[in-house]
Number of protein chains: 4
Amino acid sequence: MAKRKIGVWLIGAWGGVATTVVVGIAALRKGLTDTNGLVSELPPFAGLDLVGWDELVVGGHEIRETTYSAEAQVLLEKSHVFSAGALAAIASQLAKFDKNIRPGTLINVGPTIDSLAGPAAARTRKESAAQAVNRLAKDITEFKAREKLERVIVVNVSSTEPPPPDEIRNWNWGQIQKSLQTKGASPLPASTLYAIAAMQSGCPFVNFTPSIGSDIPGLDELARQQQVVHVGRDGKTGETLMKAVLAPMFAARNLKVMSWVGHNIFGNLDGKVLDDPVNKANKVKSKDHLLTEILGYKPQSLVSIEYIESMGDWKTAWDHIHFQGFLGTPMVLQFIWQGCDSLLAAPLVIDLIRLTEREARRGKFGVMSHLGSFFKSPMGTNEPAFAYQFQQLVQWAEAVANE
Amino acid sequence: MAKRKIGVWLIGAWGGVATTVVVGIAALRKGLTDTNGLVSELPPFAGLDLVGWDELVVGGHEIRETTYSAEAQVLLEKSHVFSAGALAAIASQLAKFDKNIRPGTLINVGPTIDSLAGPAAARTRKESAAQAVNRLAKDITEFKAREKLERVIVVNVSSTEPPPPDEIRNWNWGQIQKSLQTKGASPLPASTLYAIAAMQSGCPFVNFTPSIGSDIPGLDELARQQQVVHVGRDGKTGETLMKAVLAPMFAARNLKVMSWVGHNIFGNLDGKVLDDPVNKANKVKSKDHLLTEILGYKPQSLVSIEYIESMGDWKTAWDHIHFQGFLGTPMVLQFIWQGCDSLLAAPLVIDLIRLTEREARRGKFGVMSHLGSFFKSPMGTNEPAFAYQFQQLVQWAEAVANE
Amino acid sequence: MAKRKIGVWLIGAWGGVATTVVVGIAALRKGLTDTNGLVSELPPFAGLDLVGWDELVVGGHEIRETTYSAEAQVLLEKSHVFSAGALAAIASQLAKFDKNIRPGTLINVGPTIDSLAGPAAARTRKESAAQAVNRLAKDITEFKAREKLERVIVVNVSSTEPPPPDEIRNWNWGQIQKSLQTKGASPLPASTLYAIAAMQSGCPFVNFTPSIGSDIPGLDELARQQQVVHVGRDGKTGETLMKAVLAPMFAARNLKVMSWVGHNIFGNLDGKVLDDPVNKANKVKSKDHLLTEILGYKPQSLVSIEYIESMGDWKTAWDHIHFQGFLGTPMVLQFIWQGCDSLLAAPLVIDLIRLTEREARRGKFGVMSHLGSFFKSPMGTNEPAFAYQFQQLVQWAEAVANE
Amino acid sequence: MAKRKIGVWLIGAWGGVATTVVVGIAALRKGLTDTNGLVSELPPFAGLDLVGWDELVVGGHEIRETTYSAEAQVLLEKSHVFSAGALAAIASQLAKFDKNIRPGTLINVGPTIDSLAGPAAARTRKESAAQAVNRLAKDITEFKAREKLERVIVVNVSSTEPPPPDEIRNWNWGQIQKSLQTKGASPLPASTLYAIAAMQSGCPFVNFTPSIGSDIPGLDELARQQQVVHVGRDGKTGETLMKAVLAPMFAARNLKVMSWVGHNIFGNLDGKVLDDPVNKANKVKSKDHLLTEILGYKPQSLVSIEYIESMGDWKTAWDHIHFQGFLGTPMVLQFIWQGCDSLLAAPLVIDLIRLTEREARRGKFGVMSHLGSFFKSPMGTNEPAFAYQFQQLVQWAEAVANE
């Protein structure tokens, strides 16, 4: 079979998650690692002819200036992940991908993210929203042409933005267009501008962050008009995955959750950005609605996310679940999750690239509602329990395999 | 609607689980407690016309001599469960149920359980297995007649027996009958004798313990012949419930479980019995097979159950799950479960009574394969994941509701 | 030996800690409980002729209106402590002590505490600070006369006040007097007014709360002038006790603490008061200075205290200590403390009453610097490590025993 | 000041602890690491003129055949400790030390350790105990001469032996000598033979393992006769350190420990050796006596150590402490210790080398009773509480500084 050439366009291209995605793709190509953590390598997906590691070419947008090797080295030293040997073996591949990175936009990213901008991104500050969208779209189109790619999947893995004004949440495509064309500052956040740029370039858009991205009616309109698929929001990697797994157990056993307290500590760049209370608001909200959806009532709940520098990329969550059993007896479940954030997120990003590419190849468009198991706030589905979300994914795979 | 009269016949009738079942039924009747912990009170089961609290009459077999009030008082003082006021309010009801308790059998229960026997049970030591079955069956039949019961559900909630000899595990009904009739000691354990007595009295049999009970081909033959339903084994209340919920998450995320260590401590009578390594073998086996079934490979695993007197009825489990994420990164999930064993088990026993009664009322017989979510080693189903076991139960409820 | 009669005057007299103190004294008198938790019952204190349980008479100030039996019943039902039988046996003793409770003051207690006031305390709102001091002192003097007491020990166990203005922290007695006599509102908080009232009545003052109380130079002046002993602040019961025990270990092993995160959840009245960020500030400060004192450097630290209603009087603390070992290796210690706040505090309060009475009997006055092991922010000592604080206490006991 | 030349002779010279000691010394020499974890670098020891990193020369006995670089690489890859860059920088130093390693003895090490022997050690199997002692002593003497060393400190860091027969525990030097000279197998274990060889070569002996080593009256006789210092047993690195810190807190608060359960899991070579129940007995005993000594009574206790391969050198301990507070209230403290065993042990070994060298330089001999804070079962002291053991060490340092 002739090799495909598929582009991966990462927003936040030199961040921890993106760097791990790129290290992962490069290591998988060279056979330096196994496929642990990759959902798309499980048996139900074996017959789908998903895109291969050596068929992927990476580029992206980024506001800082660095390289994949430099970022990978920081992860190695600070968080004790990767191996020095593997990094050396893939260094030239990483350098090739570095050449495909272009400056992102700083529009409505908030002061904390803005303060991280390098010179190239800083020079874009004078752009209007419409100019930014055109530039971002051009970068993607040129990448596709330059690398002779069949298709480009755009994935947002950048840091969490502050929440946008409520008004835009229900905007249709007409309102969005008008806002772009109006003189003066548009309230549209960067994540939505990237989504528009992707769709206008004919590319699927995946939003792995809590930022709003394409989760606006007008963007779904655009997706259908452009015949592209899209999905999001907020990759479900750690504590919330646990919630989506454990809360259904309490519900199915009729054990009343009186309170659910979750404290998260971590020390990577995302953590620094989330230390800004405005950006944090977006994240905590994404983590908290789940319980009510699954349980059918709202227990007292508390979610904290704190930046503790020494933790590096390791996120530790302590959850204390106080529940009432039979005859009013209070009982406790506690869990401690010690996971490396980027290493949990990256394989899911790769899965989403492969599954999105497959769905695009099928000629589908609009929201991919079968991907709920990947997201904290999944678009297109009301199913909050992980087990049943995963069942939806497997059923999709069966349907595709039978085509 | 005329009130039904349904009998509940508990094996191990004055044990911690049984006492809590009885306290629970009495408290529910008087409206002294809510229905937390009762699965059968969840919305999917609302339309099934399940048997009500005031329609249940309790009796049972027991080898010790005590009363429900005395046993409940010990739980109150040692384990800080129940309320003194509620116990006072139901004392006369408990005393009525006390009168329906008859001596159990000590055949093949092992020396640790045997040593707990009171005078009445001790006097049965000379019985052959066949004599025991006849006596046990007569107790049930008389209970049904005396209390004018439509149906009696027999539930084994006694302490874990030592494992029986392997040879009997595949016996057909003919072999079992022959063993009963042969002169000399039969290898059939007490739990199986109780199951035979129940079925021969035309009663459904539910085995909430790790003991073998009716999990022998010959017993299923007998069940079909007698047109009764049966099910088991080993109520899934705490750590194993967590395994059945968490292991599918690791599987669905392709996260490789390298090791799963679980340490359980508790201090009730069951704990004392399990401190005998022979009885413990039966229990640990029931807790350990699950991981391999769900994950598809066998991680290094360790399960310990230790008797720590100060814990009373509170079981604390610490589980340490060491798993490998993307690019070989080791991560850890730990959980600590602090639950009161009898209070977790009792509502499930009540659920099983209600659901079994309903299935019997439908005129079904043989193994109830839709009840897998209640058991560590469920009979009649190969589905090990809790979420999908629960789905089977809900589908059953939908089918029954549509009849 | 003739029986002594010693008064115990509790500020916050019907609060959870005070109620537990009173239940404890009454239960000890009747021989209904053992002496677990009482430091003063350890061998080093055996020869000191400390005051006995039947020699204590209780009274106090309180702003709410309730009774000991009612408050004890709430603790029994909500937090599963005490036994119903014991409460019944001591009910008449509790009722006697109820008669000695008088309305406290609401001056500078902050709006959260103020909102809890009953009618009697509400009627004192028009008092000036000087008037309040006089009334409070009169209550104590009358108690002493009415009950024919040799001595009265005043102990503050009320909820935490908002921090006072910084200016007063270094006031001498002259400045304090002037502030009391000036027309208009005095910045002196309630805890200090109680301390003045106690000392002016010739009574020792013990401050078990984070409120400032007698920790002002002018109050020590007053204590010396009145020849009374005093001490404080903030009983060391749970998480901070652990810090005072564990941090010296890290220091002695030269293991560098990179971060120390502590999250506390609990649901009693104190918790509700601390949910007011102003009151909380006082508490968190008291918990946080310790690490720097013991380690000699300031690790990144985080202390949260959150009100979770379902927890009742049970405080759960999760602490995550990230430390660096040899060759830069990061390691982790986590602990989970599940203690019942009032039950941890009450015996220490009883110890402080006994040890303070003993020191007063010796004819000493001023700060009791040997009691540092009881406090989070001990007065009169710079020793932050628990083991060495306890050594100071034992040395004091040896000195007293040799007199 | 002229540079000293001090020898370090490690028993178990290529094991995990020894390898980390050697990597540490080499890295400290080159300034590649800071001094975290080294007690002897704390302020109280600053004026003692302790031996410097570049004054140490390493040799030792070992039964396997490998190199420091190979062993360090395994730790790097399996346990994610050390840095690849640092290992490269010290490779030539490690290779020099490799040349000083000689074959150890297999006498009475038990079958599990014996099975690890390389060809050189295997060839010594025919030696009698007396021959072994002579050979081992000769190795040390030749090392001292070859490297022109002022003094050699012998430290046992080998795997735990099976417990020796009880009879030898009280042997005097005459009995030991007789046993060595008798034809046929001597019951003296390898650790004692190494101690004799060290002392007969005029060298101090430090036993960092649970093996009996010099903890026999006859060995102390020999030490005094040879005018050498010695000390042991069993480095206090993790869970037992925590016990020695926490148990005094419960004692000082009169909180009754009802049960103390400790489960340890780890995956290094020591773990494999301890998987042999005979070797494990020695270890568990060393961990368990402490509680009774500190508390003055024996709570129910449980200590398990299990080999879980995936853990590598990382030891995780979960301890559950169930204690009774005031008015009989049960409460719980749990801790989870996640430490890297070799990295915790190695700095203490280096401290012991330096402090032992200093004491030898003072001209002292016999047991060094001031080093109790380093050991689980310290020789020469009855003080079990860590804080007071450390106080003894600081007082020793003050005395030495004042000489």
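Residues numbered from 1 in each chain as written. Chains lettered and ligands numbered in written order. Predicted model: local features only at pLDDT ≥ 70, side-chain atom pairs only at ≥ 80, totals over all residues.

Caption draft 1: Local environment of the overall build of chain A. Of the regular secondary structure elements, chain A holds 14 helices and 11 strands. On C-alpha atoms alone, chain A measures out to a radius of gyration of 21 Å, which is about the 22 Å that the 2.2 N^0.38 rule sets for 403 residues. For chain A, the C-alpha atoms occupy an extent of roughly 70 × 50 × 50 Å along the three principal directions. With 403 residues in all, chain A has 60% of them scored as buried. Considering only residue pairs separated by 6 or more positions, chain A has 80% of its internal contacts joining residues 24 or more positions apart. (Helix = DSSP H or I, 4+ residues; strand = E, 2+ residues; numbered from the N terminus. Rg over C-alpha atoms; globule rule 2.2 N^0.38 Å. Buried ≥ 20, exposed ≤ 12 C-beta atoms within 10 Å, placed from the backbone. Contact = placed C-beta atoms within 7 Å.)

Caption draft 2: Region of interest: the interface of chain B and chain D. Contacts between the two partners involve 19 residues from chain B and, on the opposite side, 19 residues from chain D. When residues of the side of chain B that touches chain D are traced back to their parent elements, those giving at least two are β7 (256–266), β8 (300–307), β9 (314–324) and β10 (330–340) of chain B.

Caption draft 3: Just helix α6 (residues 129–146) of chain C, in detail. Residues and elements named next belong to chain C. Taking 1.5 Å as the rise per residue, α6 with 18 residues should run 26 Å; its terminal C-alpha atoms sit 26 Å apart, in good agreement. All of the buried residues in α6 are Ala129, Ala132, Val133, Leu136, Ala137, Asp139, Ile140, Phe143 and Lys144. Around the axis of α6, the buried residues are gathered within 150 degrees of arc, so they sit on the same side. Where α6 is buried, its residues contact β1 (6–11), β2 (56–62), β3 (101–103), β4 (151–156), α7 (173–181) and α8 (190–200). (Expected span 1.5 Å × (residues − 1). Arc of directions from axis to C-beta.)

Caption draft 4: The arrangement of the relation of the copies chain D and chain C in detail. Note on the copies: chain D fits chain C at an RMSD of 0.0 Å, the axial shift is 0.0 Å, and the rotation between them is 180 degrees. Given the turn and translation reported, the copies of this chain are related as if by a two-fold rotation axis. By C-alpha distance to the rotation axis, the residue of chain D lying nearest is Phe335 of chain D, at 2.0 Å. Take the interface residues of chain D: 100% of them recur as interface residues in chain C, which is what a same-surface contact looks like. (Least-squares fit on C-alpha atoms with pLDDT ≥ 70 in both.)

Caption draft 5: Quick look at the sheet that holds strand β5 (residues 205–207) of chain A. Residues and elements named next belong to chain A. Strand order in the open sheet formed by seven strands is β3-β2-β1-β4-β5-β6-β11, and the pairing between neighbours is parallel. Whereas interior strands pair on both sides, the edge strands pair on one side only; in this sheet they are β3 (101–103) and β11 (366–367). Here three bridges tie strand β2 (residues 56–62) to β3, and the two strands are oriented parallel to one another. Note on β3: the bridge partner recorded for Glu62 is Pro103. Of the strands in this sheet, β1 (6–11) and β2 are in contact with helix α1 (residues 16–29), which crosses β2 at around 165 degrees. (Pairing = 2+ DSSP bridges. Axes fitted to C-alpha atoms, helices over the stretch in contact; angles between N-to-C directions.)

Caption draft 6: Just the environment of Met331 of chain D, in detail. Summarising the element assignment, Met331 of chain D is placed in strand β10 (residues 330–340). For the pair formed by Met331 of chain D and Val257 of chain D, sequence separation is 74 residues and the distance between their alpha carbons is 9.6 Å.

Caption draft 7: Up close: the sheet that holds strand β7 (residues 256–266) of chain A. With mixed pairing, eight strands are arranged side by side in an open sheet as β8(A)-β7(A)-β9(A)-β10(A)-β10(B)-β9(B)-β7(B)-β8(B). Two strands in the sheet have a free side with no partner beyond their single neighbour: β8 (300–307) of chain A together with β8 of chain B. Ignoring which end each strand starts from, the neighbouring axes of this sheet average 10 degrees apart. Note that β7 of chain A and strand β9 (residues 314–324) of chain A share nine bridges and pair antiparallel. Across the sheet, the residue bridging to Ile265 of chain A is Thr316 of chain A, located in β9 of chain A. Across the sheet, helix α10 (residues 239–252) of chain A lies against β7, β9 and β10 (330–340) of chain A, angled at about 15 degrees from β9 of chain A, the strand it touches most.

Caption draft 8: How the structure looks around the interface of chain D and chain C. Each partner contributes to the interface: chain D provides 46 residues, whereas chain C provides 46 residues. Of all the secondary-structure elements, those providing two or more residues to the side of chain D that touches chain C are α1 (16–29), α11 (239–252), β10, α14 (341–361) and α15 (386–401) of chain D. When residues in the side of chain D that touches chain C are grouped by element, the largest group, 10 residues, is from β10 of chain D. A per-class count over the side of chain D that touches chain C returns 31 nonpolar, 12 polar and three charged. Here strand β10 (residues 330–340) of chain C runs beside β10 of chain D; their pairing, made up of seven bridges, is antiparallel. (Nonpolar A, V, L, I, M, F, W, Y, C, P; charged D, E, K, R; others polar.)

Caption draft 9: Expanded view of the relation of the copies chain B and chain D. With an axial shift of 0.0 Å and an RMSD of 0.0 Å, the rotation relating chain B to chain D amounts to 180 degrees. Mapped onto chain D, 100% of the interface residues of chain B again fall at the interface, so both copies present the same surface.

Caption draft 10: Just helix α1 (residues 16–29) of chain C, in detail. All names here are of chain C. Relative to the 20 Å expected for 14 residues at 1.5 Å per residue, α1 spans 20 Å between its end C-alpha atoms, a close match to the ideal helical length. By the criterion of burial, α1 is predominantly enclosed, with 13 of the 14 residues buried. Just downstream of α1 lies Gly31, where phi reads positive at about 65 degrees.

Caption draft 11: Local environment of the environment of Leu302 of chain D. Mapped onto the elements, Leu302 of chain D comes out in strand β8 (residues 300–307). Between the C-alpha atoms of Leu302 of chain D and Val261 of chain D, which are 41 residues apart in sequence, the distance is 4.7 Å. Beyond its immediate stretch of four places on either side in the chain, Leu302 of chain D contacts Glu306 of chain B together with Val261 and Gly262 of chain D.

Caption draft 12: Quick look at the pairing of β4 of chain C. Residues and elements named next belong to chain C. In terms of burial, β4 is a largely internal element, five of the six residues being buried. Here β1 runs beside β4; their pairing, made up of six bridges, is parallel. Looking across to β4, one finds that Leu10 is bridged to Val155. Pairing geometry for β4 and strand β5 (residues 205–207), over three bridges, is parallel.

Caption draft 13: Examining the packing of helix α2 (residues 68–79) of chain C against helix α3 (residues 84–98) of chain C more closely. Residue and element names in this part refer to chain C. Contact geometry of α2 with α3 gives a least axis separation of 8 Å together with a crossing angle of 150 degrees. What the angle tells us is that α2 and α3 run roughly antiparallel. Across from Tyr68, Ser69, Ala72 and Leu76 in α2, the residues of α3 making contact are Ala84, Leu87, Ala91, Leu94, Phe97 and Asp98. For the contact of α2 with α3, the residue count by class is eight nonpolar, one polar and one charged. (Parallel < 35°, antiparallel > 145°, perpendicular 65-115°, else oblique.)

Caption draft 14: Inspection of the domain arrangement of chain A at higher detail. Residue and element names in this part refer to chain A. The domain architecture assigned to chain A consists of domain 1 (6–235 + 343–401) and domain 2 (239–339). Taking only C-alpha atoms into account, the centre of domain 1 sits 26 Å from that of domain 2. Facing the 24 residues of domain 1 at the interface are 25 residues of domain 2. Elements with a contribution of two residues or more to the side of domain 1 that touches domain 2: α2 (68–79), α4 (111–114) and α14 (386–401). Of all the elements, α2 adds the most residues to the side of domain 1 that touches domain 2, at three residues. Taken together, the residues that form the side of domain 1 that touches domain 2 break down as 11 nonpolar, nine polar and four charged. (Domains from an automatic or database assignment.)

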